[in-house]
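So you can see what is in the structure, the chains are spelled out below.
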Amino acid sequence: MIRALEFLQHASDGKIDQVTDVSIDIHAKIRAASSAMSVNDLNRAERHFATVLRHQPNNSSALLGLIDVVIKRDRLSDALSQCRDAETILPDNIGLLRTKARILQAMQRNIDAARVLNTVLVLSPPDTGVHLARASVATVLGDFEHAAAIYNEILKHEPQHPATLLAQIDTAYARGAFRDAIRLCIEAEEILPASPRLLMRKAVTLQAMHRNIDSRDVLSTARELFPADTAILHARARVAVALGEFGVAETFMKNPNVSDEAVLLIKVKSNGHAIKKPEKLSQTIRRAAMGEWGLTVDDIQFLPRGKLTRTSSGKIRRLAIAQTYRDDQNSAHRELALRAGTTKD
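Below is a summary of the structure that appears in this document. (Residues numbered from 1 in each chain as written. Predicted model: local features only at pLDDT ≥ 70, side-chain atom pairs only at ≥ 80, totals over all residues. Heavy atoms only, no water.)

## What to know about the overall build of the protein chain
If you tally the helices and strands in the protein chain, you get 16 helices and 3 strands. In the protein chain, the share of contacts with a sequence separation of at least 24, taken over all contacts with a separation of at least 6, comes to 53%. Only carbon and sulfur atoms are counted for the fraction: they give 50% of the accessible area of the protein chain, which is about 19,200 Å². (Helix = DSSP H or I, 4+ residues; strand = E, 2+ residues; numbered from the N terminus. Contact = heavy atoms within 4.5 Å. Areas by Shrake-Rupley, 256 points an atom, 1.4 Å probe, with all protein chains shown as cover.)

## A short note on unusual backbone geometry
For residues besides glycine, phi is generally negative; the peptide bonds are generally trans as well. Unusually for a residue other than glycine, Asn 40 sits at a positive phi of about 65°. Along the polypeptide, Asn 40 turns up in the loop between helix H2 (26–38) and helix H3 (42–55). The phi dihedral of Gln 108 falls on the positive side, at around 65°, and the residue is not glycine. On the secondary structure map, Gln 108 appears in the loop between helix H6 (94–106) and helix H7 (110–123). Using a relative accessible area of 28% as the deciding quantity, one classes Gln 108 as partly exposed. (Buried < 20%, exposed > 50% of the residue type's maximum accessible area, 1.4 Å probe, protein only.)

## Overview of the packing of helix H11 (residues 178–189) against helix H12 (residues 196–208)
Two numbers describe how H11 lies on H12: the axes approach to 10 Å, and their chain directions differ by 155°. In this view, H11 runs roughly antiparallel relative to H12, as classed from their interaxial angle. Regarding H11 and H12, the two cross each other, and that crossing is left-handed. Counted together, Phe 178, Ala 181, Ile 182, Cys 185, Ile 186, Ala 188 and Glu 189 of H11 and Leu 198, Arg 201, Lys 202, Thr 205, Leu 206 and Ala 208 of H12 form the full contact between these two elements. The class makeup of the residues in the contact of H11 with H12 is 9 nonpolar, 1 polar and 3 charged. (Axes fitted to C-alpha atoms, helices over the stretch in contact; angles between N-to-C directions. Parallel < 35°, antiparallel > 145°, perpendicular 65-115°, else oblique. Left-handed = near helix turned anticlockwise from the far one by under 90°. Nonpolar A, V, L, I, M, F, W, Y, C, P; charged D, E, K, R; others polar.)

## Description of the nonpolar core
Phe 49, Ile 67, Leu 96 and Ile 103 are the most contacted members of the largest nonpolar core, which totals 36 residues. Mapped onto this core, the elements with two or more residues apiece are H2, H3, helix H4 (60–72), helix H5 (76–87), H6, H7 and helix H8 (128–140). Tallying contributions element by element places H4 first for this core, with 8 residues. One finds Leu 166, Ala 172, Cys 185 and Leu 198 within the second-largest nonpolar core, a separate group that totals 11 residues. (Core = buried A, V, L, I, M, F, W, Y, C linked by side-chain atoms within 4.5 Å.)

## Points about the side chain of Asn 110
Counting through the fold element by element, Asn 110 comes out in helix H7. A relative accessible area of 5% places Asn 110 in the buried class. If sequence neighbours within four positions are ignored, Asn 110 has contacts with Leu 104, Gln 105, Val 137, Val 140 and Leu 141.

## Quick word on H2
For H2, with 13 residues, the first-to-last C-alpha span of 18 Å sits near the 18 Å given by 1.5 Å per residue. Among the residues of H2, Ile 26, Ile 30, Ala 33, Ala 36 and Met 37 are the ones counted as buried. Down the axis of H2, the smallest arc covering the buried residues is 120°, so these residues share one side. Turned more than 90 degrees away from the buried face of H2 sit His 27, Arg 31 and Ser 38, all of them exposed. Against H3 and H4 lie the buried residues of H2. You can read the cap of H2 off the contacts: a side-chain oxygen lies 3.2 Å from the backbone nitrogen of His 27, and it is on Asp 25. Of the residues flanking the end of H2, it is Asn 40, one or two places downstream, whose phi is positive at about 65°. (Expected span 1.5 Å × (residues − 1). Arc of directions from axis to C-beta. Polar contact = N/O pair within 3.5 Å; in protein donor to acceptor, adjacent residues only side chain to side chain.)

Written as structure tokens, this is what we have:
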């Protein structure tokens, strides 16, 4: 498997010769890579992008695609290094700069992200997406007034811009103005009457206000409207409410390509109380999830404090937790297979 970082480094050093080969359909390869990304088949996506770059080393879609592969693998430092390598090939590329800003923001380097976004504004005409990214950075930095000013400027020209309406809610939530967030949700419902993202924001805000029954009702509506898109979020929210004595409940698909088998990791609050009859509790959770949502909770684990890894800002690292779990499961299966003598050297 070609390592994306090494490939970009070779490309930036001029070690990859550009090849013209009519047998390669570049657009088809890019579409195939995008399709693989959509189902989280990162290895296949990487191979397609690398094939494109062998024939067109300056292909921006493939270069950005390889960076996205590394981002999805939760290797942000490597992704940032790739951006720097790619900048020697694609100087002042707006898409590359926006990706770099997104990585910096994910790494909590918000001031650096703001500088990159300001560069984008200088290089390109006014872009709503860039303004939204700037508002997001301002929100993280606690500059809520600046974020609000950016939103108001966008809505002055595009009063029904969906992403801006949702971002306003996020900023209100971030500053702890839950009533304002609910008001904005209600106002946005007139413009976005059937938005799963809006419903989830409303439900989460209601939970933060300890209005769990109202939150449950919103999630029930989301479940009816979008059974495939929000089932796992619905299950996590309802189970978390039901498990009042526990802390964080993290849910993810056991296999990213199978939508109805989940894993539930529950962090026990540090109150010194042991879980009574964990096996019985697990059976109750499984029955509830299957009966109400048709969701198979394949594995339930009760974890001590500190086992769910977080970012420096305290957010649960969901992608990393899920990938670590899957890697551990694969290793265990391989070990069992070796012991049973079913694998070949």
